[in-house]
Amino acid sequence: VREHGQYGEAHPFYAVPLPYSRLELDIARLVPRLNTRLVLLDGGTDGVAERAASRLEALGYTNVHVLAGGTAAWQGAGHVLFAGVNVPSKTFGEMVEETYHTPHISAAELAERQARGDDLIVLDGRPVDEYRKMTIPGSICCPNGELPLRIAALAPDPATTIVVNCAGRTRSIIGAQMLRHFGVPNPVLALENGTQGWFLADLQLDHGADRLYPPAPQDLTEARARAARHASRCGVPRIDTATLRGWLGDPARNTFLCDIRTPEEFAAGSLPGAQNAPGGQLLQATDQ
């Protein structure tokens with residue numbers, strides 16, 4: 001329950017950031033069920049966790065605990081504290097690259113290939129608002145969750161090299177590997193270290209870009225077949241509407257209903273209780 005800067009300096013691996021300043025705003029989304037066992041963590045000496053516990057109990061949460069001694073006690077007991085944000089997601093990205101040997105390209109090599117006029121396309125796998133802040137010159141915004149749906153329109157020639165980038169590493173790896181798993185015939189590469197690596201290579205970034213993904217194709221036969229094959233290989237479970245309704249109504253269960261479509265599609269209508277998690281961002285921010 002410390003603020004984001006303090007959380008980013010040191011926290012247990014799977015700790016969920018919920019700053020005390022946003023407690024009442026975010027708790028219902030993060031913890032829908034009032035009887036969920038909660039452990040609140042602070043630095044150990046500032047009393048923030050105790051104040052947060054009082055507020056949560058006033059809101060009706062019935063199983064609230066404070067970690068005695070906070071992060072200092074955690075470290076003193078021999079447990080590790082991690083710096084940074086989205087650490088579980090970033091770790092997962094590294095595991096994906098290590099497991100599947102996801103091919104990558106450096107910023108310098110990509111710039112050289114762009115200058116030569118090679119047959120390639122750069123796809124920025126982040127949401128539109130992030131893309132507009134800064135991106136690789138010439139890139140097209142196509143959030144990771146939209147890549148399999150729209151890739152046929154973006155790269156219709158199987159000889160075209162596809163480069164997926166993000167701000168750092170994780171979403172570049174996930175987006176590139178997702179296309180490879182999806183069965184796209186093109187060469188697919190992850191941009192090593194994303195826009196950060198591009199900037200550190202003294203290359204200019206594009207700000208305020210508006211090159212957005214194309215509409216979804218009308219004929220989704222091949223895309224659906226590829227998705228079904230990949231889901232079958234991975235053993236993706238499915239549930240029906242009645243099961244979902246039962247889970248959402250179960251007072252002993254936390255169920256998170258995430259609409260992964262674009263913000264525009266979500267705004268046009270979704271299921272009751274759904275939250276928007278567009279563009280494959282679930283894999284970037286599992287702790288949030």
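Residues numbered from 1 in each chain as written. Predicted model: local features only at pLDDT ≥ 70, side-chain atom pairs only at ≥ 80, totals over all residues. Heavy atoms only, no water.

Trainee: Got a minute to help me understand the environment of Ser172 in this structure?
Mentor: Positionally, Ser172 belongs in helix 9 (residues 170–182). As a C-alpha pair, Ser172 and Pro12 span 160 residues in sequence and 25 Å in three-dimensional space. Discounting chain neighbours no more than four positions away, the residues touching Ser172 are Val164, Asn165, Cys166, Ala190, Leu191 and Gly194. Of note is the side chain of Ser172, whose polar atom sits 2.9 Å from the backbone nitrogen of Cys166. (Helix = DSSP H or I, 4+ residues; strand = E, 2+ residues; numbered from the N terminus. Contact = heavy atoms within 4.5 Å. Polar contact = N/O pair within 3.5 Å; in protein donor to acceptor, adjacent residues only side chain to side chain.)

Trainee: Mind showing me how you'd approach the pairing of strand 6 (residues 161–165) here?
Mentor: Moving residue by residue along a regular strand, the side chains alternate between the two faces of the sheet. With 5 of 5 residues buried, strand 6 lies mostly within the body of the structure. Covered by surrounding structure in strand 6 are Thr161, Val163 and Asn165 together with Ile162 and Val164, the residues of both alternating faces. For strand 4 (residues 120–124) and strand 6, the ladder comprises 5 bridges, and the chain directions are parallel. Directly across from Leu123, in strand 6, lies its bridge partner Val164. Across 3 bridges, the pairing between strand 6 and strand 7 (residues 188–191) is parallel. When the bridges of strand 7 are listed, Ile162 appears paired with Val188. With helix 9 bridging strand 6 and the parallel strand 7, this β-α-β connection has right-handed handedness. (Buried < 20%, exposed > 50% of the residue type's maximum accessible area, 1.4 Å probe, protein only. Pairing = 2+ DSSP bridges. Right-handed = clockwise from strand over helix to strand, strands pointing away.)

Trainee: Looking at this model, I keep getting lost on the environment of Leu41. Mind explaining?
Mentor: For Leu41, the location among the structural elements is in the loop between strand 1 (38–40) and helix 3 (48–58). The spatial distance from the C-alpha of Leu41 to the C-alpha of Gly69 is 8.6 Å, given a sequence separation of 28 residues.

Trainee: I would appreciate a short explanation of the nonpolar core in the present structure.
Mentor: Among soluble globular proteins, nonpolar side chains are generally buried collectively. Among the nonpolar cores identified, the biggest contains 22 residues, and Ile121, Leu123, Ile151, Leu154, Ile162, Leu179 and Val184 are the most heavily contacted of them. Looking at this core, the elements that each hand over two or more residues are strand 4, helix 7 (128–133), strand 5 (140–141), helix 8 (147–154), strand 6, helix 9 and strand 7. Judged by nonpolar contacts, the second largest core, of 15 residues, contains Val1, Leu18, Leu38 and Leu40. (Core = buried A, V, L, I, M, F, W, Y, C linked by side-chain atoms within 4.5 Å.)

Trainee: Please clarify how the pattern of salt bridges should be interpreted in this entry.
Mentor: Once the charged atoms of two side chains with opposite charge are near each other, the side chains can pair. What the rule picks out here adds up to 15 salt bridges. In this structure, Arg150 engages Glu146 in a salt bridge whose closest nitrogen and oxygen atoms are separated by 2.9 Å. For the pair formed by Arg150 and Glu146, the shared burial category is buried. One salt bridge connects Arg261 with Asp259, and the closest N-O pair in it is separated by 2.8 Å. Taken together, the shared-partner salt bridges in this structure form one network comprising Asp124, Arg126, Glu130 and Arg171. (Salt bridge = Lys/Arg side-chain N within 4 Å of Asp/Glu carboxyl O.)

Trainee: Just to check I follow, could you spell out the layout of surface pockets for this structure?
Mentor: The rolling of a water-molecule-sized probe over the atoms marks out the regions of remaining empty space. Considered as a void within the structure, the largest pocket measures approximately 1,800 Å³ in volume. Lining the largest pocket are 43 residues, and of these Gly145, Met178, Val236, Ile260 and Leu282 lie nearest its centre. Every element with two or more residues in the lining of the largest pocket is listed here: helix 5 (87–100), helix 8, helix 9, helix 11 (221–234), helix 12 (241–248) and strand 8 (258–259). The leading source of residues in the lining of the largest pocket is helix 11, at 7 residues. Tallied by class, residues from the lining of the largest pocket come to 28 nonpolar, 9 polar and 6 charged. Space inside the second largest pocket adds up to approximately 1,000 Å³. Looking at the second largest pocket, it is lined by 35 residues, and the ones nearest its centre are Val16, Pro17, Leu30, Asp287 and Gln288. Of all the secondary structure elements, the ones that give two or more residues to the lining of the second largest pocket are helix 2 (23–30), strand 1 and strand 9 (275–276). Here the lining of the second largest pocket takes 4 residues from helix 2, the largest share from any one element. Taken together, the residues of the lining of the second largest pocket sort by class into 25 nonpolar, 6 polar and 4 charged. (1 Å grid on protein atoms, 1.4 Å probe; cavity = no way out; pocket = protein on both sides within 12 Å on 5 of 7 lines; lining within 4 Å. Points joined across faces, edges and corners; volume = space filled by probe spheres on them. Nonpolar A, V, L, I, M, F, W, Y, C, P; charged D, E, K, R; others polar.)

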